[in-house]
Amino acid sequence: MSIDNGPSGQFADGTMLAMRMDTAGQALSLARIPIPLPGEGELLIRVTACGVCRTDLHIADGELPLHKSPLILGHEVVGRVVLAGKRAQQFSCGNRVGVPWLGSTCGHCPYCHEQHENLCDSPSFTGYDRDGGYAEYIVADANYCFRIPDSYDDLHAAPLLCAGLIGYRAYAMTGAGQHLGLYGFGAAAHIVAQIAIHQGKQVYAFTRPGDLRSQEFARSLGAAWAGDANVAPPVRLDAAIIFASSGELVPQALAATRKGATVVCAGIHMSDVPRFAYALLWGERCVRSVANLTRADGEAFFALAGQVPLHINVVPYAMKDANQALNDLRAGAFDGAAVLVPDWTQDTGVDV
Ligand SMILES: [Zn+2]
Ligand SMILES: [Zn+2]
């Protein structure tokens, strides 16, 4: 079999560089490890960009149980196919592909049969059950990879793979109301806001109290209003999506909604939701979570992203600086999405 050599010619010795997570709560370490080999239905992909998602932070911080150790994080992966298994011929060498969070499903559980593969009983997730994209190469099941609209370069396409895609799934559950609240104005919200505004909705952006920079960012993207999460918006919300991981936001969002509204919790992890008065839920309000994605979500979202010119605000980091990217995400140090790009140059003398 023939494969193209990596940009640094490192394919020859069968190894690659990766930012590896060994233990929760500790920094990722730069490691040289074997390049994984694809199975018959899989692709070997040279990573050209990998977004940093809040889920990565929850895994790295031990807020989600580890499924695999050591582990390579990263599930917003864009790259080029360098090797396709014999049952992965829907892609060929050189094709650009995106690898999302949903790595595989069983195909035969009740959820898979009911078109709810996002709830599959035996799934695998990229960068959690399978190694992800904080590396030079990744192996992915071809049936779960996406083609990405040409209008986005690799750097700006990476956040679409989770922030965009799962944000879109959450958005699709908010109904037809005009006034949409977004709690936590990070990577996902800044994409969802643009879709909602494009569809004629009014967006109300809620941030950590006093986070004037993020509020200004939201207004710059067209939000009708931006303010502190504990402040009532100027109108009653028809629906809200909570992207932040603070459970306190659930009663706060309910209090800001009108009767019949839906509040969608879009994160994989949330701190405990405090007790709240039933009156906040009364009036047929609904609180629900959104879990993972289906491939149909991906097809629908990328079709939309090809039509709506989404402005993706990206903060690039070298792969070797993945720890810095995670720390900056934790600290809320940037607007939009952090994306790792394949720069592995060492300036610290670390032997890799
Ligand atoms: Zn299943
Ligand atoms: Zn994610």
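Every chain's residues receive numbers from 1 upward, in the order its sequence appears when written. Each chain is given a letter, starting from A, and each ligand a number, starting from 1, according to the order in which they appear as written. For a predicted model such as this one, the threshold for reporting local features is a pLDDT of at least 70, and the threshold for listing and counting side-chain atom pairs is 80 or more; totals across whole chains, interfaces and linings nevertheless cover every residue.

**Describing the overall build of the chain**
Here comes step 1: Of regular secondary structure, the chain possesses 9 helices and 16 strands.
Here comes step 2: For 352 residues, the compact-globule estimate of 2.2 N^0.38 gives 20 Å, and the C-alpha radius of gyration of the chain, at 20 Å, lies within 12% of that figure.
Here comes step 3: The dimensions of the chain, computed from C-alpha atoms along their principal axes, are 65 × 50 × 35 Å.
Here comes step 4: For the exposure call, what matters is how many other C-beta atoms sit within 10 Å of a residue's own: 20 or more marks it buried, 12 or fewer exposed, and in between partly exposed, using C-beta atoms placed from the backbone. Relative to its full complement of 352 residues, the chain shows a buried share of 48%.
Here comes step 5: A separation threshold of at least 6 residues defines the contact pool for the chain, and within that pool the share at least 24 residues apart is 68%. Secondary structure elements are taken from DSSP: a helix is a run of H or I of four residues or more, a strand is a run of E of two residues or more, and numbering for both begins at the N terminus. Every radius of gyration here is taken over C-alpha atoms, with the globule rule written as 2.2 Å times N^0.38, N being the number of residues. We call two residues in contact if the C-beta atoms placed from their backbones are at most 7 Å apart.

**A word on the packing of helix α4 (residues 163-172) against helix α5 (residues 187-198)**
Here comes step 1: All axes are obtained by fitting lines to C-alpha atoms, using only the stretch in contact for helices, and the reported angles, taken between N-to-C directions, cover 0 to 180 degrees. It is at 8 Å that the axes of α4 and α5 come closest, and there the two elements cross at 55 degrees. In terms of axis orientation, α4 runs oblique to α5. Note on packing geometry: the crossing formed by α4 with α5 is right-handed. Between α4, through A163, G164, I166, G167, Y168 and Y171, and α5, the contact on the second element is made entirely by A187, A188, I191, V192, I195 and A196.
Here comes step 2: Across the contact of α4 with α5, the residue classes tally to 10 nonpolar, 2 polar and no charged. Note on angle classes: values under 35 degrees are labelled roughly parallel, values over 145 roughly antiparallel, values of 65 to 115 roughly perpendicular, and the remainder oblique. Whether a crossing is left-handed or right-handed is set by the direction in which the near helix is turned from the far one by less than a right angle, anticlockwise for left-handed and clockwise for right-handed. Each residue receives one of three labels: charged for Asp, Glu, Lys and Arg, nonpolar for Ala, Val, Leu, Ile, Met, Phe, Trp, Tyr, Cys and Pro, and polar for the others, Gly being one of them.

**Side note on the sheet that holds strand β9 (residues 179-183)**
Here comes step 1: The pairing criterion for strands is at least two bridges between them, as found by DSSP. In space, the 6 strands of this open sheet follow the order β11-β10-β9-β12-β13-β14, with parallel pairing throughout. The sheet is open, and its two borders are formed by β11 (225-228) and β14 (286-289), each paired with just one other strand. Each strand axis lies, on average, 20 degrees off the axis of its neighbour in the sheet, ignoring direction.
Here comes step 2: As defined by bridge partners, strand β10 (residues 202-207) adjoins β11 across 4 bridges and the pair is classed as parallel. When the sheet's bridge partners are listed, A205 is paired in β11 with A226.

**Things to note about the pairing of strand β4 (residues 77-84)**
Two faces, one strand: in a regular strand the side chains alternate between the faces of the sheet.
Here comes step 1: The buried fraction of β4 amounts to 7 of the 8 residues, a majority that puts the element mostly inside the structure.
Here comes step 2: Looking at chain direction, strand β3 (residues 42-52) and β4 are connected through 7 bridges and run antiparallel. Each bridged residue has a counterpart across the sheet, and for L44 the counterpart in β4 is L83.
Here comes step 3: In this sheet, strand β5 (residues 96-99) lies alongside β4 in antiparallel orientation, the contact comprising 4 bridges. For V77, the partnering residue across the bridge sits in β5 and is V99.

**A few points about the pairing of β9**
Here comes step 1: The buried fraction of β9 amounts to 5 of the 5 residues, a majority that puts the element mostly inside the structure.
Here comes step 2: By the alternation rule, side chains of β9 split into H179, G181 and Y183 and L180 and L182, which are all buried.
Here comes step 3: Note on the crossover from β9 through α5 to β10: the handedness is right-handed.
Here comes step 4: Alignment of β9 against strand β12 (residues 237-242), held across 4 bridges, turns out to be parallel. Of the residues in β12, the one forming a bridge with L182 is I241. By convention a crossover is right-handed if, when the strands point away from the viewer, the path from the first strand over the helix to the second runs clockwise.

**Quick word on the nonpolar core**
Here comes step 1: Linking buried Ala, Val, Leu, Ile, Met, Phe, Trp, Tyr and Cys residues through C-beta atoms within 7 Å yields a set, and such a set is a nonpolar core. Ranked by size, the top nonpolar core spans 110 residues in total, and within it L182, Y183, V192, A205, I241 and I242 carry the most contacts.
Here comes step 2: Beyond its immediate chain neighbours, meaning those up to four positions away, I241 contacts A170, Y171, T174, L182, Y183, V192, V264 and A266.

**Quick look at the domain arrangement of the chain**
Here comes step 1: Along its sequence, the chain is organised into domain 1 (10-164 + 294-341) and domain 2 (174-289).
Here comes step 2: Bear in mind that the domain bounds are from an automatic or database domain assignment. A C-alpha centroid distance of 27 Å is found between domain 1 and domain 2.
Here comes step 3: Looking at the side of domain 1 that touches domain 2, the elements that each hand over two or more residues are α1 (54-60) and α4.
Here comes step 4: No other element matches α1, which puts 3 residues into the side of domain 1 that touches domain 2.
Here comes step 5: Of the residues that constitute the side of domain 1 that touches domain 2, the class distribution is 8 nonpolar, 7 polar and 3 charged.

**Observations regarding the confidence of the model for the chain**
Here comes step 1: Confidence scores here are pLDDT values: one per residue, from the predictor, ranging 0 to 100. Taken as a whole, the chain shows an average pLDDT of 94; of its residues, 95% reach a score of 70 or greater.
Here comes step 2: Here residues 4-10 scores under 50 on pLDDT; set against residues more than four positions off or in separate chains, the count is 9 contacts.
Here comes step 3: Per-residue pLDDT stays below 50 along residues 348-352; that stretch engages in 5 contacts with residues further than four places along the chain or on separate chains.

**Points about the environment of C50**
Here comes step 1: With respect to the element layout, C50 can be found in strand β3.
Here comes step 2: Note on C50: 35 C-beta atoms within 10 Å, which makes it buried.
Here comes step 3: Considering only alpha carbons, one finds C50 and F217, 167 residues apart in sequence, at a separation of 23 Å.

**A look at α5**
Here comes step 1: The span one expects for a helix is its residue count, reduced by one, times 1.5 Å. Between its terminal C-alpha atoms α5 stretches 17 Å, which fits the 16 Å expected from 12 residues at 1.5 Å a residue.
Here comes step 2: Residues of α5 that are buried include every one of A187, A188, A189, H190, I191, V192, A193, Q194, I195 and A196, and no others.
Here comes step 3: Count one or two residues on from α5 and you reach G200, which has phi positive near 90 degrees.

**A look at the environment of H311**
Here comes step 1: By secondary structure assignment, the location of H311 is in the loop between α8 (295-307) and β15 (314-318).
Here comes step 2: For H311, a count of 13 C-beta atoms within 10 Å translates into the label partly exposed.
Here comes step 3: In this structure the C-alpha to C-alpha distance between H311 and H108, which are 203 residues apart in sequence, comes to 39 Å.

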